[in-house]
Amino acid sequence: MKLSLTLCGGVSAVSALTVPFTMPIPIEIPDAARIFQAAASAPALPLSAFPKFETVKMEDAMQEAAADNSQEKPKIASTQGADAGGQPAPNSNGVNSQNATADSASTDAAAPAPVTPATVNAATSADSSSDDNNSTLSAEKTSTCGTPSPRVEWRDFPTRSKRALVDAIACLQSKPPSGQFSPATSRYEDFVRLHQAWTPNIHNNDMFLIWHRYFVWSFEQALRKECGLSVDGLPYWDETRDAGNFAAAPLFTGEYFGSLPKGNGTAGTCITDGRFAGTTLHIGPGTDSQPHCLSRAVDEKMTSEVNKDYENICLSRTNFVDFARCWEQGPHGIGHNSVGSVMADVRSSPGDPVFWMHHLYVDRVFSAWQDRDTTGARRRTIEGCADGAKPCKPLTLKTLVPMAGLLPDTTVGQVLDSTNGAMCYSYK
Ligand SMILES: [Cu+2]
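Because the structure is a prediction, the values reported are computed rather than measured. (Residues numbered from 1 in each chain as written. Predicted model: local features only at pLDDT ≥ 70, side-chain atom pairs only at ≥ 80, totals over all residues.)

*Asks:* Mind showing me how you'd approach the overall build of the protein here?
*Replies:* Within the protein, the regular secondary structure consists of 11 helices and 9 strands. Relative to its 428 residues, the protein shows a buried fraction of 55%. The long-range fraction of contacts in the protein, counting pairs at least 24 apart against all pairs at least 6 apart in sequence, stands at 74%. (Helix = DSSP H or I, 4+ residues; strand = E, 2+ residues; numbered from the N terminus. Buried ≥ 20, exposed ≤ 12 C-beta atoms within 10 Å, placed from the backbone. Contact = placed C-beta atoms within 7 Å.)

*Asks:* Help me understand the pairing of strand E1 (residues 149-153), please; the structure alone is not making it clear to me.
*Replies:* In this structure, E1 lies alongside strand E9 (residues 425-427), joined through 3 bridges in parallel fashion. Paired with Arg151 across the bridge in E9 is Tyr427. Pairing of E1 with strand E2 (residues 234-236), which is carried by 3 bridges, proceeds in the parallel orientation. Its bridge partner being in E2, Arg151 is matched across the sheet by Leu234. (Pairing = 2+ DSSP bridges.)

*Asks:* What should I look at first to understand the UniProt feature "domain: Tyrosinase copper-binding" (unreviewed entry) in the protein in this one?
*Replies:* UniProt feature "domain: Tyrosinase copper-binding" (unreviewed entry): in the numbering of this structure it lies at residues 203-220 and 352-363. Regarding residues 203-220, the helix share stands at 72% and the strand share at 0%, and the terminal C-alpha atoms are separated by 21 Å. Strand forms 0% of residues 352-363 and helix 83%; the C-alpha atoms that close the span are 18 Å apart. (UniProt positions renumbered as here; feature names shortened; annotations may be inferred.)

*Asks:* Is there a simple way to think about the packing of helix H8 (residues 308-315) against helix H9 (residues 320-339) in this case?
*Replies:* Each pair of packed helices can be described by the angle between their axes along with the distance between the axes. The N-to-C vectors of H8 and H9 enclose an angle of 160°; their axes lie 8 Å apart at closest approach. In terms of their interaxial angle, H8 and H9 are classed as roughly antiparallel. By crossing handedness, the relation of H8 to H9 is classed as right-handed. The residues of H9 that touch H8, namely those facing Tyr310, Glu311, Ile313 and Cys314, are Phe323, Cys326, Trp327, Gly330 and Pro331. Taken together, the residues of the contact of H8 with H9 sort by class into 7 nonpolar, 1 polar and 1 charged. (Axes fitted to C-alpha atoms, helices over the stretch in contact; angles between N-to-C directions. Parallel < 35°, antiparallel > 145°, perpendicular 65-115°, else oblique. Left-handed = near helix turned anticlockwise from the far one by under 90°. Nonpolar A, V, L, I, M, F, W, Y, C, P; charged D, E, K, R; others polar.)

*Asks:* What am I meant to see in the packing of helix H6 (residues 208-227) against helix H10 (residues 354-372) here?
*Replies:* For the pair H6 and H10, the least separation of the axes is 10 Å and the interaxial angle reads 130°. Taken as axis vectors, H6 and H10 run oblique relative to one another. Between H6 and H10 lies a crossing of left-handed hand. Mapping the contact onto sequence places Leu209, His212, Arg213, Val216 and Phe219 in H6 and Trp356, His359, Leu360, Val362, Asp363 and Phe366 in H10.

*Asks:* Explain the sheet that holds E2 to me, please; I cannot follow it from the model alone.
*Replies:* In a beta sheet, neighbouring strands are held together by backbone hydrogen bonds and run either parallel or antiparallel to one another. One open sheet holds the 3 strands; their spatial order is E2-E1-E9, and the pairing between them is parallel. Looking along the sheet, the strands with just one partner apiece sit at the ends: E2 and E9. Each neighbouring strand pair of the sheet contributes to a mean axis angle of 30°, computed without reference to strand direction. Lying on the sheet, H10 is in contact with E1, E2 and E9; it crosses E2 at an angle near 80°.

*Asks:* Just checking my understanding: could you explain unusual backbone geometry for this structure?
*Replies:* For residues besides glycine, phi is generally negative; the peptide bonds are generally trans as well. Here the residue pair Ser182 and Pro183 is connected by a cis peptide bond, since its omega of 10° sits within 30 degrees of zero. Tracing the sequence through the fold places Pro183 in the loop between helix H4 (159-174) and helix H5 (187-202). Residue Pro391 is reached from Lys390 by a cis peptide bond, and omega for that bond is -5°. Inspection of the secondary structure assignment puts Pro391 in the loop between H10 and strand E7 (400-401). Phi at Asn204 is positive, roughly 55°, even though this residue is not glycine. Considering the arrangement of structural elements, one finds Asn204 in the loop between H5 and H6. The class for Asn204 is buried, based on 31 C-beta atoms found within 10 Å. With a phi angle near 55°, Ala404 is a residue other than glycine that sits in the positive phi range.

*Asks:* Which parts of the structure should I look at to understand the nonpolar core?
*Replies:* When a protein is soluble and globular, its nonpolar side chains tend to lie buried together. Judged by nonpolar contacts, the single largest core of 105 residues is most densely connected at Tyr214, Leu251 and Met357. In this view, Tyr214 contacts Val401, Met403, Thr410, Val415 and Ala422; residues no more than four positions away in its chain are not counted. (Core = buried A, V, L, I, M, F, W, Y, C linked by C-beta atoms within 7 Å.)

*Asks:* In this structure, what is going on with the environment of Thr279? I would like to understand it.
*Replies:* Relative to the assigned elements, Thr279 resides in the loop between strand E3 (269-270) and strand E4 (280-281). As a C-alpha pair, Thr279 and Asp352 span 73 residues in sequence and 9.3 Å in three-dimensional space. Other than its neighbours up to four places away in sequence, Thr279 contacts Gln173 and Leu294.

*Asks:* How do you make sense of the environment of Gly179 when you look at a structure like this?
*Replies:* If you trace the backbone, Gly179 turns up in the loop between H4 and H5. Note on Gly179: 11 C-beta atoms within 10 Å, which makes it exposed. C-alpha separation for the pair Gly179 and Asp190, spaced 11 residues apart in sequence, amounts to 8.3 Å.

*Asks:* So what exactly am I meant to see when it comes to H8 here?
*Replies:* Owing to its 3.6 residues per turn, the α-helix brings residues three or four apart onto one side. Those residues of H8 lying buried are Tyr310, Glu311, Ile313 and Cys314. Along the axis of H8, the buried positions cluster into a sector of 160°, meaning they face one direction only. Exposed residues on H8 whose side chains face more than 90 degrees from its buried face are Asp309 and Asn312. The inward-facing, buried residues of H8 abut helix H1 (58-69), H9 and H10. (Arc of directions from axis to C-beta.)

Written out as structure tokens, the structure is:
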């Protein structure tokens, strides 16, 4: 089994999937232990207030890829991205060991909606009706959607569409929450809260790419249906074009996502320009929910690691599990951590709207990896684990991809091919 890699904290990379998809009650931190108090004007996050993304250095990823070619697979010796402030590095759940116990207890707790009994039953029946060897789509699934919605690089997205996009995101931030994702204070924060609550299920495991693909699609549908976004397609941000100088990337401007400043000592810098200037976030840091400003803290030395070489190392991996881990803990995680502050918060990073441009890029490369196999097999087959048991329950095309009501739950087989299933888009 390829996912036997042990990560820091001694937790198997797939053990995160042992927790069910339920909405945990937010962790209550006693007042005396609060890192900061809610203030009239929301403060920036101390950068030590949350666990960051777990990452792997490019040299280690390269070594592993090379070893794989020679049929030898050593463990990766070192990880980077340990928390600032001397905290322990996050374990595979993206939760540092200090609060891992409380966190998993919370995640296991049955919860306030949104996961309805119907959802849970759907999960059970979808899986139980599946043949565990069902890793290939049946022959009848050959039709494609109509005209796939085109996804293009940010620089190729029309100016008018860029404006419409940031307006629609701001619109979602101004809409009331559904009430299904307490303590979200806006419709936008419904998405942040779901990501925060389910982090152990959707990171550092084989569900990562698939779940986030459908999560981004769900967000897009909300922008369109609830905020009237009518642009053709969506943009992704090809971060490799700005490696080493993210701050100059054309989306970090006063017209769109605001600037990308360095941190402010041990805290992020509140964003005061762009469409999201002065935004107060209410989900995070980490598993908490305290008002804080939208903040960033770029590390350009780290952004230089989000480059084509690293992307190509991951793209060269020949099976899904190896590619997924390389990509998640490589440029995906490094991109998050290097934008910094809110974006570096594993749990609550969707609080920064640039999260979506980042994850569109993550999905773009996933799609490119799938297309590398010209037989289309990577759009029709899956492998890996659906839980953390040993031996694990195999991930199959019928494994549920739950979305807690943001969109109807679907299955892996409906998400693997973005032009044949639950979605309809393609990258240009
Ligand atoms: Cu995520």
